[in-house]
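# Examining the three-dimensional arrangement
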Amino acid sequence: MTSDFRTAIAHGLQALQARDMPRAASLLREAAAVAPAAEMPWIALANAEMASGQNDAAEQALDQQLLIAPREVGALLLKAYLREQAGDARAASSFYRTALNQAAVDGAVPPALSALHAHAARYLGEANAGFEAYLLDAVGQSLSPTMTEAIELLTGKRELYLQEPSVFYYPGLPQKRFYDPADFPWLEPMLALVPQMQAELAEVLGQGADGFAPYVHRKANRPAPNTPLLDNQAWTAFHFWRDGVLDEDNAARCPATMAALGHAPLPQIPGRSPNAHWSRLLPGAHIAPHTGMLNTRLICHIPILTAPQCWFRVGSETRGWVDGVPLVFDDSINHEARNDGSQERVILLFEIWRPEIDEADREAIGRIFQAIGDYE
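So, here's what we can say about the structure. Here the residue numbering is sequential within each chain, running from 1 through the sequence in written order. Where local features are concerned, this predicted model is filtered to residues with pLDDT of at least 70; where side-chain atom pairs are given and counted, the filter is 80 or more; whole-chain, interface and lining totals use all residues. Hydrogens are left out, water is left out, and the side-chain values use all remaining heavy atoms of the structure.

## Let's talk about the sheet that holds strand β8 (residues 310-314)
The line we're drawing: When DSSP locates at least two bridges between a pair of strands, those strands are taken to pair. The helix count covers DSSP runs of H or I at least four residues long, the strand count covers runs of E at least two residues long, and both are numbered beginning at the N terminus. Only C-alpha atoms enter the line fits that serve as axes; for helices the fit covers just the stretch in contact. Angles between N-to-C directions range over 0 to 180 degrees.
Here four strands make up an open sheet; going across it, the order is β6-β11-β8-β9 and the pairing antiparallel. Looking at which strands have only one partner, the edges of the open sheet turn out to be β6 (286-290) and β9 (317-320). On average, each strand axis in the sheet is tilted by 15° relative to the strand beside it, whichever way the strands run. When β6 meets strand β11 (residues 335-339), the two strands line up antiparallel, connected through three bridges. Looking across to β11, one finds that His 286 is bridged to Arg 338.

Structure below.
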C-alpha cells in the first residue's frame, strides 16, 4: 500500500508538471485517500483541483496543509485567493495579511509566488481603503484628530509606534509624539533671539563652518556605529554643551545662542547633560529610523536655517521645520529625518526633562546615570 500511494504521488506530480491537470488531480486524490497526511503534497493537489475548477476541493487540500504548517506562505496565499474568489473579503484579507507578515519574517518570497504576493499587497490596500470608507460612513466625517488617527491605525493606514528607548525605560508616561510648544512658555524668549542666532550661524558658516563635526563619530574603546553617516559631513553638530561639558570656544563665538539656551530648563547631570548643539543636515542626507536612549527627556528643535523638502518623522507623524515654529518631541519613539531638497538645514537642538516626571524621580534618574558612568 505504501508503494502504491507513493507511486500515485510521483505520477501525479509528473502529470502536474506536464500540465495534465485532470490526470494530476485524479492521481493525487487517489493518494490522498490513503497517504499519511504528513507525506501528502497538499499544495500540489490544491493546484490541480484549482486548475480543474474544483475550488472547494482545493481549499480542503490547503486546509490539510495549514494544519501541518500553519504559516506556510504558499498555502496562506492560495487559501486567501480562494476565499477572495468565493467573495469572502474578510477571510481573504486575514489570510493575505498573515501571508505577507510571514513572508516579511522569512525574508524572501519564492519566485513562483511573487505574482500572488504582489496581488495580496494590492488587494489589502484596496480592502483597507474600502473598510476605511465604510467606517467613516458609519461614524461620520466630523472626527477629532485623535479619532481620525485611531481609524487609520485600525485600517492599517498608519503604523503604531510606541516608546522604545534603547537603554532606560520609565513606566507610565503618555505615548505622545509631539508636545504643544505653548506648554513651554520659556520658548518664547528663545524664539525672540532667533534673528541674532541666525546671524551667529551665518558668521560661523561664512568662516568655513569651522566647529561643525560629524554628529556620528568613532569613540575610543567602543565599536563603530553601524550607519552610513559615521564620520560623515552630511550630518554635523556644532556643540555648545556636550555630556554636561561646556564648549567654551563655541560658546564664546555665539553669545546670543548661549543667552537663548539660558532660558531653557536644561537637565543638569554631571557627565551626562546639558546637551545642546546646532544640528546641520546637508542636501541628500538621511538620518535613518532610530530611537533614543531613554524616555525621560524631550528633544527640542528651534529652526535657525530652514530648508524646503526637508522633513522629520516621529512615529506615524511627519512634519517639516518652519520658521518660528519649535518642535518638542519624544525621541524614544521611532523617528527619522531626511533632506530631500537642495538647501542645508540647521536647527538648535537641546534636551529637557519630561514634564510628567517629578523632581524626586529626576534626581534618582540622574544618580542612576552618574553611577552608570562611574562603573568600571
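There is more to say, and it comes next.
## Details of the pattern of salt bridges
The following threshold applies: Only one rule defines a salt bridge in this text: a Lys or Arg side-chain nitrogen within 4 Å of an Asp or Glu carboxyl oxygen. Residue burial is assigned from relative accessible area. The probe radius is 1.4 Å, only protein chains are included, and a residue is buried under 20% of its type maximum, exposed over 50%, and partly exposed in between.
Per the counting criterion, the structure on display carries 20 salt bridges. Between Glu 59 and Arg 83 there is a salt bridge, with its nearest N and O atoms 2.7 Å apart. Of this pair, Glu 59 sits in helix α4 (residues 55-68) while Arg 83 sits in helix α5 (residues 73-85), placing them 24 residues apart in sequence. In terms of burial, Glu 59 and Arg 83 fall into one category: buried. For Glu 356, the salt bridge goes to Arg 354, with nearest N and O atoms at 3.3 Å. The partly exposed category is assigned to Glu 356, whose relative accessible area is 34%.

## Considering the packing of helix α6 (residues 89-106) against helix α7 (residues 114-139)
Rules: With respect to orientation, any angle under 35 degrees is reported as roughly parallel, any angle over 145 as roughly antiparallel, any angle of 65 to 115 as roughly perpendicular, and every other angle as oblique. Should the near helix be turned anticlockwise from the far one by less than a right angle, the crossing is left-handed, and should it be turned clockwise, the crossing is right-handed. Pairs of residues are marked as contacts when any of their non-hydrogen atoms sit within 4.5 Å. Nonpolar residues are Ala, Val, Leu, Ile, Met, Phe, Trp, Tyr, Cys and Pro. Charged residues are Asp, Glu, Lys and Arg, and all others, Gly as well, are polar.
The interhelical angle for the contact between α6 and α7, taken along N-to-C directions, is 125°, at an axis separation of 9 Å. Between α6 and α7, the crossing angle belongs to the class labelled oblique. Between α6 and α7 the crossing geometry is left-handed. Contacts from Ala 89, Ala 92, Ser 93, Tyr 96, Arg 97, Leu 100 and Ala 103 of α6 reach α7 at Leu 116, His 117, His 119, Ala 120, Ala 121, Tyr 123, Leu 124, Ala 127 and Asn 128. When grouped by side-chain class, the residues that make up the contact of α6 with α7 number eleven nonpolar, four polar and one charged.

## Brief notes about the state of the cysteines
Put simply, the test is: In this description, the term disulfide denotes a pair of cysteine sulfurs within 2.5 Å.
Taken as a whole and judged by the stated rule, the model has zero disulfides. No disulfide involves Cys 254; its nearest neighbouring cysteine sulfur is the one of Cys 300, lying 19 Å away.

## Remarks on the packing of helix α3 (residues 42-51) against α4
Look at α3 against α4: their axes get within 8 Å of each other, and the N-to-C directions meet at 165°. The orientation of α3 relative to α4 falls into the category roughly antiparallel. Handedness of the α3/α4 crossing: left-handed. Residues Trp 42, Ile 43, Leu 45, Ala 46, Glu 49 and Met 50 of α3 form the contact with α4, whose participating residues are Asn 55, Ala 57, Ala 58, Ala 61, Leu 62, Gln 64, Gln 65 and Ile 68. When grouped by side-chain class, the residues that make up the contact of α3 with α4 number ten nonpolar, three polar and one charged.

## Things to note about the pairing of strand β7 (residues 297-305)
Within β7, eight of the nine residues are buried, which leaves the element mostly enclosed by the surrounding structure. The pairing of β7 with strand β12 (residues 345-353) spans eight bridges and is antiparallel. Note that in β12 the partner of Leu 298 across the bridge is Ile 352. Relative to strand β10 (residues 327-329), β7 runs antiparallel, the two being bridged by three bridges. In the sheet register, Cys 300 faces β10, and the bridge partner there is Val 328.

## With respect to the nonpolar core
Definition in use: What is meant by a nonpolar core is a set of buried Ala, Val, Leu, Ile, Met, Phe, Trp, Tyr and Cys residues, joined one to another through side-chain atoms within 4.5 Å.
If you look at the biggest cluster of nonpolar residues, it comprises 39 residues, and the most contacted ones within it are Leu 16, Ala 31, Met 40, Leu 45, Leu 62, Leu 77 and Tyr 96. Put simply, the parts of the chain that give this core at least two residues each are α1 (2-17), α2 (21-32), α3, α4, α5, α6 and α7. No other element matches the seven residues that α5 contributes to this core. Setting aside chain neighbours within four positions, we find Leu 45 in contact with Ala 25, Leu 28, Arg 29, Ala 32, Met 40 and Ala 61.

## Structural notes on the layout of surface pockets
Condition: Grid points spaced at 1 Å over the protein atoms alone were grouped into cavities, where a 1.4 Å probe fits but cannot get out, and pockets, open sets with protein on both sides within 12 Å along at least five of seven lines, with lining residues defined by an atom within 4 Å of a point. Grid points are joined across faces, edges and corners, and a volume is the space filled by probe spheres set on the points.
Quantified by volume, the second largest pocket comes out at close to 230 Å³. Around the second largest pocket, the lining residues are Ala 89, Arg 90, Ser 93, Arg 97, Ala 127, Asn 128, Phe 131 and Leu 154. Of all the elements, α6 adds the most residues to the lining of the second largest pocket, at four residues. Grouping the constituent residues of the lining of the second largest pocket by class yields four nonpolar, two polar and two charged.

## So, the packing of aromatic side chains
This is how it is decided: Between rings of Phe, Tyr and Trp, where Trp is taken as its six-membered ring, a pair exists when centres lie within 6.5 Å; planes separated by under 30 degrees are stacked, by over 60 edge-to-face, and by other angles tilted. Charge over a ring is defined by NZ of Lys or CZ of Arg lying within 6 Å of the ring centre and within 35 degrees of the ring normal.
Per the stated rule, a full pass over the model turns up 15 aromatic pairs. Taking the centre distance of 6.3 Å and the plane angle of 15° together, the rings of Phe 212 and Trp 278 count as stacked. One end of the pair, Phe 212, is in the loop between α10 (194-206) and β2 (213-214); the other, Trp 278, is in strand β5 (residues 276-281), and 66 residues separate them in sequence. Accessibility assignment for this pair places Phe 212 and Trp 278 in one class, buried. Put simply, the rings of Phe 178, Phe 312, Trp 321 and Phe 329 touch in pairs and so form one group of aromatic residues. The residue whose ring lies beneath Arg 313 is Tyr 161, and the NZ or CZ to ring-centre distance is 5.1 Å.

Keep in mind these numbers describe shape, not what the thing actually does.
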